[in-house]
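Here's the letter readout for the chains.
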Amino acid sequence: MPASDRRNVVLLGATGSIGSSTLQVLRQHQDRLNLVGVAAGSNYQALAQICTEFGVRHAALGDDSVYPEAQAHFDSQVELHCGAAGLEEVATLAEADIVLVAVVGATGLRPTLAAIEAGKDIALANKELLVLGGAHVIEAAERKGVRLLPTDSEHNAIFQCLEGRPMAHLDQVILTASGGQFRDTPLAELSRVTPDEATRHPNWSMGPKITVDSATMANKGLELIEAHWLFGLEPERLKVVIHPQSIVHSLVQLIDGSILAQLSPPSMTFAIQHCLLYPHRAASVLPTTDFGEMLQLDFSPPDLQRYPCLELAYQALKTGGAAPAVYNAANEVAVDRFLNKKLGFLEIPQVIEHCLEGVAAMTSPTLDQLFAIDAETRTLARSCY
Ligand code: NAD
Ligand code: MG
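Here the structure is a predicted model, which is why all the values come from computation and not from measurement. (Residues numbered from 1 in each chain as written. Chains lettered and ligands numbered in written order. Predicted model: local features only at pLDDT ≥ 70, side-chain atom pairs only at ≥ 80, totals over all residues. Heavy atoms only, no water.)

Engineer: I would appreciate a short explanation of the overall build of the chain in the present structure.
Structural biologist: If you tally the helices and strands in the chain, you get 15 helices and eleven strands. At 20 Å, the chain has a C-alpha radius of gyration in line with the 21 Å of a compact globule built from 385 residues. Along the three orthogonal principal directions, the C-alpha set of the chain runs to about 55 × 50 × 40 Å. Classification of the 385 residues of the chain by burial places 55% in the buried group. Partitioning the intrachain contacts of the chain with sequence separation of at least 6 by distance along the chain shows that 68% fall at a separation of at least 24. Of the roughly 16200 Å² of accessible surface on the chain, 50% is carried by carbon and sulfur atoms. Distance between charge centres in the chain, computed from 27 positive and 44 negative side chains, equals 1 Å. (Helix = DSSP H or I, 4+ residues; strand = E, 2+ residues; numbered from the N terminus. Rg over C-alpha atoms; globule rule 2.2 N^0.38 Å. Buried < 20%, exposed > 50% of the residue type's maximum accessible area, 1.4 Å probe, protein only. Contact = heavy atoms within 4.5 Å. Areas by Shrake-Rupley, 256 points an atom, 1.4 Å probe, with all protein chains shown as cover. Lys, Arg positive; Asp, Glu negative; His and termini not counted. Charge placed at Lys NZ, Arg CZ, Asp CG, Glu CD.)

This is how it looks when you write it as structure tokens:
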């Protein structure tokens, strides 16, 4: 394939867990994919190394306080941007075809909207930005006619199962959840779990925030809301099932009772590659599930007493308006405080519940109103405990 036919990729969140899986995909498919821009929070050493390895000319650091010391670490041909504006600069590079959004948290919203407005296709790993601004992201993507490719493994599975089918054939989607690292921990012991224990997932190797979200199942709560926006489904048609092996990434139930699933090992490289090469298919980075070996797949309904964050997400989705934004901001603050040992594990859902009760309801909030609600919720959440 001639170099000019390669797809130019921008990777926001290049130094994180999704970022490093994406680099694996890029190394394997250099004939089709070309990295042209990268961004990270503050880890400039790792970002500079990525620029050198892939010959990237545009980089951005979200944390502008490290910019002065960072510059010397980059090759002279790299243009280094910084702060929120720097992220937008890289997300809208003229030569970019697709932007993979893998920064963590609501920070991802503005650069994603900017990329859509610039006509870029989006591969979306970040879920918080859809929970905060889903209506605006979907509206912008439809108006600009860009692809919004779901990279979160569950949504990627649903997308693959639904492809080419009329939505009228769909009855419901069933999101699988591993149940996290405390799935079998006695409820009485949950109050004592430490950040160290909560950031070790049995199946997936992921960043700290999503690993804690996985343990509380706020991750699945965020994913319900993400599925609502990506597939236009009401909460009644979004189900969750515990599947400890993380091999079935989600299921789609059709109106005639047939249920379709997508399977692959628990590595994000499968979903990332699917999005970056879409609709082309090529050999995977890692071997896939081997049916020549003994394979056990278990499914069970979630215990809502164990996972109050899941129930709160259904509530936020049913309330609509600004409630999902409140849910997300409260959770981001609570997880951060838990990781910094300022909050107990069982207090995470309590912070979310308190914020959902304490922030004014609002129907169809504008983007500015959502950012204001996000900020207000963060202040309220910090004042809890
Ligand atoms: P991570 O913590 O490993 O990495 C986060 C990345 O975002 C890092 O590169 C960091 O430098 C960057 N970042 C943080 N703040 C920034 C800022 N202000 N400006 C620019 N960059 C910033 O997180 P992760 O596990 O890779 O998750 C990233 C996103 O993908 C999250 O939204 C998560 O929910 C989603 N996701 C992750 C996985 C997974 O397997 N890790 C799976 C599905 C979805
Ligand atoms: Mg997921």
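There's plenty left to go through after this.
Engineer: Help me understand the coordination of the magnesium ion (ligand 2), please; the structure alone is not making it clear to me.
Structural biologist: Around a metal, the ideal angle is 109.5 degrees if four donors adopt a tetrahedral arrangement and 90 or 180 degrees if six donors adopt an octahedral arrangement. At 2.0 to 2.2 Å from the magnesium ion (ligand 2) lie its protein donor atoms, namely D152 (OD), E154 (OE) and E223 (OE). In primary sequence terms, the donor set of the magnesium ion (ligand 2) follows D-x1-E-x68-E. Taken together, the positions of D152 in the loop between β7 (148-150) and α7 (153-162) and E223 in helix α10 (residues 218-231) put the pair 71 residues apart, joining distant regions of the chain. When its relative accessible area of 1% is taken as the criterion, E223 is described as buried. (Donors = N, O, S within 2.8 Å, 3.2 Å for Na, K, Ca; no water.)

Engineer: Is there a simple way to think about the pattern of salt bridges in this case?
Structural biologist: For side chains bearing opposite charge, pairing can occur when the charged atoms are close. Counted under the stated rule, the structure contains 13 salt bridges. The shortest N-O distance in the salt bridge between E117 and R143 comes to 2.7 Å. Of this pair, E117 sits in helix α5 (residues 109-117) while R143 sits in helix α6 (residues 128-144), placing them 26 residues apart in sequence. Here R183 ties to D184 by a salt bridge, and the two come within 3.7 Å at their closest N and O atoms. A single network of salt bridges, built from pairs that share partners, joins K127, D152, E154, K220 and E223. (Salt bridge = Lys/Arg side-chain N within 4 Å of Asp/Glu carboxyl O.)

Engineer: Can you walk me through the site of ligand 1 in this structure?
Structural biologist: Near ligand 1, the surroundings consist of 24 residues, among which T15, S17, G41, E128 and G207 are the closest. Between ligand 1 and G13 there is a distance of 3.4 Å, counted from an oxygen atom to a backbone nitrogen or oxygen. G207 has a polar backbone atom sitting 2.8 Å from an oxygen atom of ligand 1. Calculation on ligand 1 without its partners gives an accessible area of 820 Å², and the protein chains cover 87% of this total. Elements with a contribution of two residues or more to the shell around ligand 1: α1 (17-28) and α9 (208-216). For the shell around ligand 1, the class distribution of residues is twelve nonpolar, nine polar and three charged. Both of domain 1 (3-146) and domain 2 (153-265 + 289-305) provide at least three residues apiece to the shell around ligand 1. (Near = heavy atom within 4 Å. Polar contact = N/O pair within 3.5 Å; in protein donor to acceptor, adjacent residues only side chain to side chain. Nonpolar A, V, L, I, M, F, W, Y, C, P; charged D, E, K, R; others polar. Domains from an automatic or database assignment.)

Engineer: I'm lost on the sheet that holds strand β5 (residues 98-101) in this one. Help?
Structural biologist: Here we have seven strands laid out as an open sheet, ordered β4-β3-β2-β1-β5-β6-β7, and parallel in their pairing. Edge positions in the sheet fall to β4 (79-82) and β7, since each has one partner strand and no second. The average angle at which neighbouring strand axes cross in this sheet is 20°, direction not considered. Where strand β1 (residues 7-12) lies against strand β2 (residues 33-40), six bridges are found, and the strand directions are parallel. By the bridge assignment, R7 is partnered in β2 with L33. (Pairing = 2+ DSSP bridges. Axes fitted to C-alpha atoms, helices over the stretch in contact; angles between N-to-C directions.)

Engineer: Help me understand the packing of aromatic side chains in this model?
Structural biologist: To describe a pair of aromatic rings, you give the distance between the ring centres and the angle between the ring planes. In this structure the tally under the stated criterion is three aromatic pairs. Ring centres of F182 and F345 lie 5.3 Å apart, and the angle between their planes is 85°; this geometry places the pair in the edge-to-face category. One end of the pair, F182, is in the loop between β8 (170-177) and α8 (195-198); the other, F345, is in the loop between α13 (323-339) and α14 (347-358), and 163 residues separate them in sequence. Each of the two residues, F182 as well as F345, counts as buried. (Phe/Tyr/Trp six-rings, centres within 6.5 Å; stacked < 30°, edge-to-face > 60°.)

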